[in-house]
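Read off the chains here:
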Amino acid sequence: MMTRSRALLAGLCLAVLATPALAAKPTPPAKPSTPAKPSEQDWRTPAPETVMVIDTNKGRVLVELIPEVAPNHAQRLRDLTRAGFYDGRTFFRVIDRFMAQTGDPQNTGEGGSTKPNLKAEFTFRRAADTGFVPMAAPAGLEVGYLKSLPVVSQAWSWSEMTSDKKVSAWGTYCPGVLGMARDEDNNSANSQFFLMRQPYPSLDKRYTAFGRVISGLDVVRAIKVGEPVPPPQDVMQKARLLSDIPESQRPKVRVIDPKGPWFAAETKRLRALKGADFSVCDIDLPVEVR
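About the cut-offs
- Residues numbered from 1 in each chain as written.
- Predicted model: local features only at pLDDT ≥ 70, side-chain atom pairs only at ≥ 80, totals over all residues.
- Heavy atoms only, no water.
- pLDDT = per-residue confidence, 0-100.
- Contact = heavy atoms within 4.5 Å.
- Pairing = 2+ DSSP bridges.
- Helix = DSSP H or I, 4+ residues; strand = E, 2+ residues; numbered from the N terminus.
- Axes fitted to C-alpha atoms, helices over the stretch in contact; angles between N-to-C directions.
- Disulfide = S-S within 2.5 Å.
- Buried < 20%, exposed > 50% of the residue type's maximum accessible area, 1.4 Å probe, protein only.
- Phe/Tyr/Trp six-rings, centres within 6.5 Å; stacked < 30°, edge-to-face > 60°.
- Lys NZ or Arg CZ within 6 Å of the ring centre and 35° of its normal.

1. Comments concerning the confidence of the model for the protein chain
Then step 1. In the predicted model, the protein chain carries a mean pLDDT of 91, and the fraction of residues at 70 or more is 89%.
Then step 2. In this model residues 2-23 is a low-confidence stretch, pLDDT under 50, and it forms 28 contacts with partners more than four residues away in sequence or in other chains.

Encoded structure:
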């Protein structure tokens, strides 16, 4: 990337009667169902030290970091955010129906911080207590969520044959997913990151995915497009960790917990609605920001 970088056809039987046969009228299609309303038990509160609050000239974006999948990348973004490194950085490379890239002090795609480059964390080892919530099992894999991050995993049955009793898993690039930019070297990520505007699963296991926009995806999609973006470019005016904002000014954030009943019901609804077209990216996690 980055730097240089059925409707289901039901069989209708015709009744065989003594009188002339009458063709049955086709059953009208069912009206699409709507999501249920979440209850109090459906919500979780993200740890404030894992939420980036990015104020841009287009609006505010909240990104939840998921250290469980890429601890070093999550720590790097926390460290640079706390140092004010991202304040004033432009979105210098933005591709419609793809992603918005930022985090370069040169605002060109060629720069980085003074910290050493990061080793790739394209996959992680999923344990029984990782918190992954499966939704479907296509082609011997499992897809689901870990907190707000959509994840693809080896089937859990493989854990019986691994020495650590774990399986490989990775974040998948649905809209809003946070990824780390790099050059041709897998271990060259440093400070630049990108936010997905649309799904792009071909990036899976090629770029470290370790968080997701939980509020403000509309802002990400409103960022000025270009490769490079012509001036004036949209900018991250200020980036902070939620935990570093004074209590009196700190937004109260909660997001749907994939372990709750709402998530299970919504998964069931969407799978019935979409059938074979169902994707892990179809889930739209409600969030409340006060």
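2. Looking at the sheet that holds strand E8 (residues 141-146)
Then step 1. Taken together, five strands build an open sheet; the order of strands is E6-E10-E9-E8-E7 and the sheet is antiparallel. The strands lining the two open edges of the sheet, one partner per strand, are strand E6 (124-126) and strand E7 (133-136). Here the strands of the sheet are splayed against their neighbours by 40° on average, with no regard to which way each runs.
Then step 2. Here three bridges tie strand E9 (residues 149-154) to strand E10 (residues 167-171), and the two strands are oriented antiparallel to one another.

3. Overview of the state of the cysteines
Then step 1. Under the defined criterion, the tally for this structure stands at one disulfide.
Then step 2. A sulfur-sulfur distance of 1.9 Å marks the disulfide that ties cysteine 174 to cysteine 281. In this structure the cystine formed by cysteine 174 and cysteine 281 twists about its S-S bond by roughly -85°; its chirality is therefore left-handed. Within this pair, whereas cysteine 174 is found in the loop between E10 and strand E11 (177-180), its partner cysteine 281 is found in the loop between helix H3 (261-274) and strand E16 (287-289), the two being separated by 107 residues in sequence.
Then step 3. Since its relative accessible area comes to 0%, cysteine 174 is described here as buried.
Then step 4. Exposure remark for cysteine 281: the relative accessible area of 21% places this residue in the partly exposed category.

4. Structural notes on the packing of aromatic side chains
Then step 1. Taken as a whole and assessed by the stated rule, the structure comprises six aromatic pairs.
Then step 2. Between phenylalanine 98 and tyrosine 200 the ring centres are 4.4 Å apart and the planes differ by 40°, which places this aromatic pair in the tilted class. With phenylalanine 98 in the loop between strand E4 (93-95) and strand E5 (99-102) and tyrosine 200 in the loop between strand E12 (193-196) and strand E13 (209-215), this residue pair connects regions lying 102 residues apart in the sequence.
Then step 3. Note on tyrosine 200: relative accessible area 34%, which makes it partly exposed.
Then step 4. For the pair tyrosine 173 and phenylalanine 194, a centre-to-centre distance of 5.8 Å together with 20° between the ring planes defines the contact as stacked. Highlighted residues: tyrosine 173 in the loop between E10 and E11 and phenylalanine 194 in strand E12, separated in sequence by 21 residues.
Then step 5. Among the aromatic residues, those joined into a cluster by ring pairs are Phe85, Tyr86 and Phe193.
Then step 6. Across from the ring centre of phenylalanine 85, 4.9 Å away, lies the NZ or CZ of arginine 89, which sits over that ring.
Then step 7. A cation sits over an aromatic face here: arginine 182 above tyrosine 207, 4.4 Å from the ring centre.

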